[in-house]
Amino acid sequence: MNIAIGSDHVGFELKPAIIEYLKELGHEVTDFGPNSSDRTDYPIYGKKVAEEVASKHYDCGILICGTGVGISITANKVHGIRAVVCSEPYSAKLSKEHNNTNILAFGSRVVGSELAKMIVREWLSATFEGGRHANRVEMIAKVEREEQI
Ligand code: RB5
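Not measured: the values here are computed from a predicted model.

Here is what the cut-offs are and how they apply
- Residues numbered from 1 in each chain as written.
- Predicted model: local features only at pLDDT ≥ 70, side-chain atom pairs only at ≥ 80, totals over all residues.
- Heavy atoms only, no water.
- Helix = DSSP H or I, 4+ residues; strand = E, 2+ residues; numbered from the N terminus.
- Rg over C-alpha atoms; globule rule 2.2 N^0.38 Å.
- Buried < 20%, exposed > 50% of the residue type's maximum accessible area, 1.4 Å probe, protein only.
- Contact = heavy atoms within 4.5 Å.
- Areas by Shrake-Rupley, 256 points an atom, 1.4 Å probe, with all protein chains shown as cover.
- Lys, Arg positive; Asp, Glu negative; His and termini not counted.
- Charge placed at Lys NZ, Arg CZ, Asp CG, Glu CD.
- Core = buried A, V, L, I, M, F, W, Y, C linked by side-chain atoms within 4.5 Å.
- Salt bridge = Lys/Arg side-chain N within 4 Å of Asp/Glu carboxyl O.
- Arc of directions from axis to C-beta.
- Patch = residues over 30% accessible without salt bridge, like charges linked within 9 Å, V, L, I, M, F, W, Y side chains within 5 Å.
- Axes fitted to C-alpha atoms, helices over the stretch in contact; angles between N-to-C directions.
- Parallel < 35°, antiparallel > 145°, perpendicular 65-115°, else oblique.
- Left-handed = near helix turned anticlockwise from the far one by under 90°.

Peer 1: Looking at this structure, how should I read the overall build of the protein chain?
Peer 2: Counting its secondary structure elements, the protein chain contains 6 helices and 5 strands. Element order for the protein chain, N to C, with α for helix and β for strand: β-α-β-α-β-α-β-α-β-α-α. Its C-alpha atoms give the protein chain a radius of gyration of 14 Å, near enough to 15 Å, the size a compact globule of 149 residues would have. When burial is assessed residue by residue, the protein chain has 48% of its 149 residues classed as buried. Of the contacts made within the protein chain by residues no fewer than 6 positions apart, 69% connect residues no fewer than 24 positions apart. Taken as a whole, the protein chain presents about 7,700 Å² of accessible surface, with 49% of it coming from carbon and sulfur. Measuring between centres, the 17 positive side-chain charges of the protein chain sit 4 Å from its 20 negative side-chain charges.

Following this line, the structure appears as structure tokens:
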């Protein structure tokens, strides 16, 4: 897969290990920054990666900040994005199978690198199940478009 990744200055420390792991799994990875641990603002990178995924330039995205919370909230403001913040693999897997998430976020202050890799692996290897879940995901899209559900 073609994966977009981004972080903030706190998530920056964990990002190289995740990029290396994604490449080991055979994926193409583009890093949308930041490129140093200088203090910055997570919305910049959450927005950028989300826009790249929403516009289908990338198959999916991975975002890392201190908790994964701020950067995933930002990503979810971009139309077409369903970002999940996870600190364990079960929710990551189910978020793909049931909610067809297209961005995975986690926190470098919450998970260590090995747990983060496990979360990434489960999320990337899971498949959206469609069926009744597709109806619900379409309902989410209607909320986004401010239509009745
Ligand atoms: C930065 O201090 C921190 O707020 C950020 O990395 C993230 O945890 C926000 O949700």
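Peer 1: Looking at this model, I keep getting lost on the nonpolar core. Mind explaining?
Peer 2: Here is a general trend for soluble globular proteins: nonpolar side chains tend to be buried in one another's company. Core analysis: the largest hydrophobic core is formed by 22 residues, its most contacted members being Ile 18, Leu 22, Ile 62, Leu 104, Phe 106 and Val 120. Looking at this core, the elements that each hand over two or more residues are strand 1 (2-7), helix 1 (15-24), strand 3 (60-65), strand 5 (103-107) and helix 5 (113-125). Counting residues per element, this core draws most heavily on helix 5, which supplies 5 residues.

Peer 1: Could you clarify how one ought to interpret the pattern of salt bridges in this entry?
Peer 2: Two side chains with opposite charge may pair up if their charged atoms get near one another. All chains considered together, the criterion is met by 7 salt bridges. Note that Lys 117 and Glu 114 form a salt bridge whose closest N and O atoms lie 3.1 Å from each other. Placement of the pair is Lys 117 and Glu 114 together in helix 5, with a separation of 3 residues, close to one helical turn. Of the residues examined, Lys 117 reaches a relative accessible area of 19% and is grouped as buried. One salt bridge in this structure joins Arg 145 and Glu 138, with 2.8 Å as the shortest N-O distance. Through salt bridges that share partners, Glu 138, Arg 145 and Glu 147 make up one connected network.

Peer 1: Explain helix 1 here, please?
Peer 2: Working note: α-helix, 3.6 residues per turn, so residues spaced by three or four point in the same direction. Along helix 1, the residues that are buried comprise Lys 15, Ile 18, Ile 19, Tyr 21 and Leu 22. All buried residues of helix 1 project into a common sector of 165 degrees when viewed along the axis, lining one side. Of the residues in helix 1, the exposed ones pointing more than 90 degrees away from the buried face are Glu 20, Lys 23 and Glu 24.

Peer 1: Please explain a nonpolar patch on the surface as it appears in this structure.
Peer 2: Where nonpolar side chains cluster on the molecular surface, the patch consists of Val 69, Ile 73 and Val 85 and spans about 230 Å² of accessible area. Structurally, the position occupied by Val 69 is in helix 3 (residues 69-75).

Peer 1: Just checking my understanding: could you explain the packing of helix 1 against helix 5 for this structure?
Peer 2: When two helices pack together, their arrangement is given by the angle between their axes and by how far apart the axes lie. The contact between helix 1 and helix 5 brings their axes to 10 Å, and the two run at 40 degrees. Classified by the angle their axes make, helix 1 and helix 5 are oblique. Once helix 1 is placed against helix 5, the crossing between them reads as right-handed. Of the residues in helix 5, those touching helix 1 at Ala 17, Ile 18, Tyr 21 and Leu 22 are Ser 113, Ala 116, Lys 117, Val 120, Arg 121 and Leu 124.

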